[in-house]
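Close look at the chain arrangement
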Amino acid sequence: MDTILSPEVIKLGEPKVFPFIDNVSTLGKPEYVPFLQDDTVYCFSNYSVNLIGKTLIKVKEPVKRKINPRIIMLGEPEKLTSYQAQTLENSLTNLKYFNQDQGLPATVIQCMCLDSYGNVWIGTDGGLCKFDGKEWWIYTIKQGLSNNHIHSLIKSSMGNLIVATEGGGLNILDLKKNIIKSYTTKQGLSSNNITCVYESREGDILLATFGGGLNVLHRNNPKENTNVLGNLTIYDKDQGLSNNLVYCVLEDRVGNIIMGTNNGGLNVINKNNQILKRYSTSEGLCDNKVISIKDTKNGDILIGTSKNGLNILNCEALNDKETKSHYIKHYGTKQGLSSNAIISILENHDDGIIMIGTSSEGLKILDLKNQNIINYDNENGLSNKTFLVY
């Protein structure tokens, strides 16, 4: 008969103890500041001089020109197998991250978007990556990009990737035809440093630039299903912009083009009236350096500033026909934010949750309905306290 050996007995060591961090806190009530309408209007067409009750400043009409891209073939991407995502040691959450050890060409990520196949496209300071869950597909200047430093990235309504670079202008990747359309100052842009790209409802591509104002690439015929962008309009200080360094741009629900500028606050172009209006701390903003803007499902404009937190303003306040009083909401460290330096904003349209990326204090999640704020930093699993949301 076989003998059953007695089990080895090992003394259980002392458990490793970590402090429990409750990262949910109550969000303080915002500061309500009257939002004032500046009576000064910059007009760049004869039509707009018919506006009543405004101080009109006639400025130059925007520069308009034909533009033709440089077209090159898109090279085969470098493909790398992705390794398992990591979790920070001693992290109190199950957040996972990817870095160069998992296949990323660089660790500075500026932008991100999803395509219709569920692939994640990532813009870095070392090129463009596609992640399909198993492999990294890497595109750089070797594959035809004009620059490896990518600032902004979107998927257009036509299915193309619109890639804005630092120093290389704009690249449009047509993955069906396997070509890149490149737009730089040689083709007519006012700057090769593009900070933000946005697509309007009509299919125009809005380009915020570092020093060249706003560039708008127009679709040749918006009513037709066409990819051709053949006309360019440029807005800068000659058209009333408070600063040619534009950090961010969007189109609101009534068709206004809203820009965040460097120390010039918000600039708003009304395309119908062909006018431009400026909004700064004099009108109620908490800071004139506007780094990020986003629109919400209910029509609010979220305004992230470099030093003074978040502003929330309803887009009706920017409508020239609106006469009732409006207030702008200020959220900052007094209301529970751990940082006033906001570099990115995003709203979850399903539940209205606002996600805020900061320059040094990680991720903030605002639940305005329940007046809660959740803070995430390195202790909660983030790999870096400089955080962007997309």
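Cut-off values and rules
- Residues numbered from 1 in each chain as written.
- Predicted model: local features only at pLDDT ≥ 70, side-chain atom pairs only at ≥ 80, totals over all residues.
- Heavy atoms only, no water.
- Helix = DSSP H or I, 4+ residues; strand = E, 2+ residues; numbered from the N terminus.
- Buried < 20%, exposed > 50% of the residue type's maximum accessible area, 1.4 Å probe, protein only.
- Contact = heavy atoms within 4.5 Å.
- Areas by Shrake-Rupley, 256 points an atom, 1.4 Å probe, with all protein chains shown as cover.
- Salt bridge = Lys/Arg side-chain N within 4 Å of Asp/Glu carboxyl O.
- Pairing = 2+ DSSP bridges.
- Axes fitted to C-alpha atoms, helices over the stretch in contact; angles between N-to-C directions.
- Phe/Tyr/Trp six-rings, centres within 6.5 Å; stacked < 30°, edge-to-face > 60°.
- Lys NZ or Arg CZ within 6 Å of the ring centre and 35° of its normal.
- Polar contact = N/O pair within 3.5 Å; in protein donor to acceptor, adjacent residues only side chain to side chain.
- Core = buried A, V, L, I, M, F, W, Y, C linked by side-chain atoms within 4.5 Å.

Let us look at the overall build of the protein. Counting its regular elements, the protein contains zero helices and 31 strands. Within the protein, the fraction of its 390 residues that count as buried is 51%. Residue pairs at least 24 apart in sequence account for 51% of intrachain contacts in the protein once pairs closer than 6 positions are excluded. In the structure as shown, the protein presents an accessible area of about 19,900 Å², 48% of it carried by carbon and sulfur atoms.

In this section: the pattern of salt bridges. Tallying each qualifying case throughout the model produces three salt bridges. Notably, a salt bridge pairs arginine 219 with glutamate 199, separated by 3.7 Å at the nearest N-O pair. Note that arginine 219 is positioned in strand β18 (residues 214-219) and glutamate 199 in strand β16 (residues 194-199), a separation of 20 residues in sequence. Owing to a relative accessible area of 10%, arginine 219 belongs among the buried residues under this scheme. A salt bridge links glutamate 251 to lysine 271; its shortest N-O distance comes to 3.1 Å. Residue glutamate 251 is located in strand β20 (residues 246-251), and its partner lysine 271 is located in the loop between β22 (266-270) and β23 (275-279); the two are separated by 20 residues in the primary sequence. The exposure class of glutamate 251 is buried, given its relative accessible area of 5%. With a relative accessible area of 30%, lysine 271 lands in the partly exposed category.

Turning next to unusual backbone geometry. Although it is not a glycine, glutamine 274 sits at a positive phi angle of roughly 60 degrees. Structurally, glutamine 274 can be placed in the loop between β22 and β23. Backbone geometry places glutamine 371, a non-glycine residue, at a positive phi of 55 degrees. Looking at the secondary structure, you find glutamine 371 in the loop between β30 (363-367) and β31 (372-376).

Strand order in the open sheet formed by six strands is β4-β3-β23-β22-β21-β20, with mixed pairing between adjacent strands. Of all the strands in the sheet, the pair left with one neighbour each is β4 (55-58) and β20. Between one strand axis and the next, the sheet turns by 25 degrees as a mean value, whatever way the strands run. Pairing geometry for β20 and strand β21 (residues 257-261), over five bridges, is antiparallel. Looking at the pairing, valine 246 lines up with threonine 261 of β21.

Let us now look at the sheet that holds strand β26 (residues 310-314). The five strands are arranged β2-β27-β26-β25-β24 in an open sheet whose pairing can be described as antiparallel. The strands lining the two open edges of the sheet, one partner per strand, are β2 (31-35) and β24 (290-295). Each strand of the sheet is rotated relative to its neighbour by a mean of 25 degrees, with strand direction disregarded. With three bridges connecting them, β26 and strand β27 (residues 326-331) associate as antiparallel partners. Its bridge partner lying in β27, isoleucine 312 is registered against lysine 329.

Taken across its five residues, strand β13 (residues 161-165) has five buried, putting it largely inside the fold. Neither face of β13 is left uncovered, since the one carrying Leu161, Val163 and Thr165 and the one carrying Ile162 and Ala164 both have all their residues buried. Examined bridge by bridge, strand β12 (residues 150-155) and β13 share five bridges and lie antiparallel to one another. Looking across to β13, one finds that serine 152 is bridged to alanine 164. Where β12 hands over to β13, the hairpin turn is made up of five residues, of which glycine 159 adopts a positive phi near 90 degrees. Looking at chain direction, β13 and strand β14 (residues 170-174) are connected through four bridges and run antiparallel. Considered in β14, the bridge of alanine 164 is made with leucine 170. Here β13 folds back onto β14 in antiparallel fashion, the turn holding four residues, of which glycine 167 has a positive phi close to 95 degrees.

The tally for this structure, following the rule as stated, stands at six aromatic pairs. The structure contains a cluster of three or more aromatic residues connected by ring pairs, namely Phe98, Phe131 and Trp136. Across from the ring centre of tryptophan 137, 3.8 Å away, lies the NZ or CZ of lysine 79, which sits over that ring. In this arrangement the basic side chain of lysine 130 is found over the ring face of tryptophan 137, its NZ or CZ atom lying 3.6 Å from the centre.

For threonine 358, the location among the structural elements is in strand β29 (residues 354-358). Residue class for threonine 358 comes out buried when judged on its relative accessible area of 0%. Each C-alpha atom, one on threonine 358 and one on valine 389, is 9.3 Å from the other, the two residues being 31 residues apart in sequence. Separated by 2.9 Å, the side chain of threonine 358 and the backbone nitrogen of glutamate 361 make a polar contact.

With that out of the way, let us pick up the nonpolar core. If you look at the biggest cluster of nonpolar residues, it comprises 21 residues, and the most contacted ones within it are Ile258, Leu266, Ile293 and Ile303. Sorting the residues of this core by element identifies β2, β20, β22, β24 and β25 (300-305) as the ones contributing at least two each. Setting aside chain neighbours within four positions, we find isoleucine 258 in contact with Cys248, Val249, Leu250, Asp252, Leu266, Asn267, Val268, Ile293, Ile301 and Leu318.

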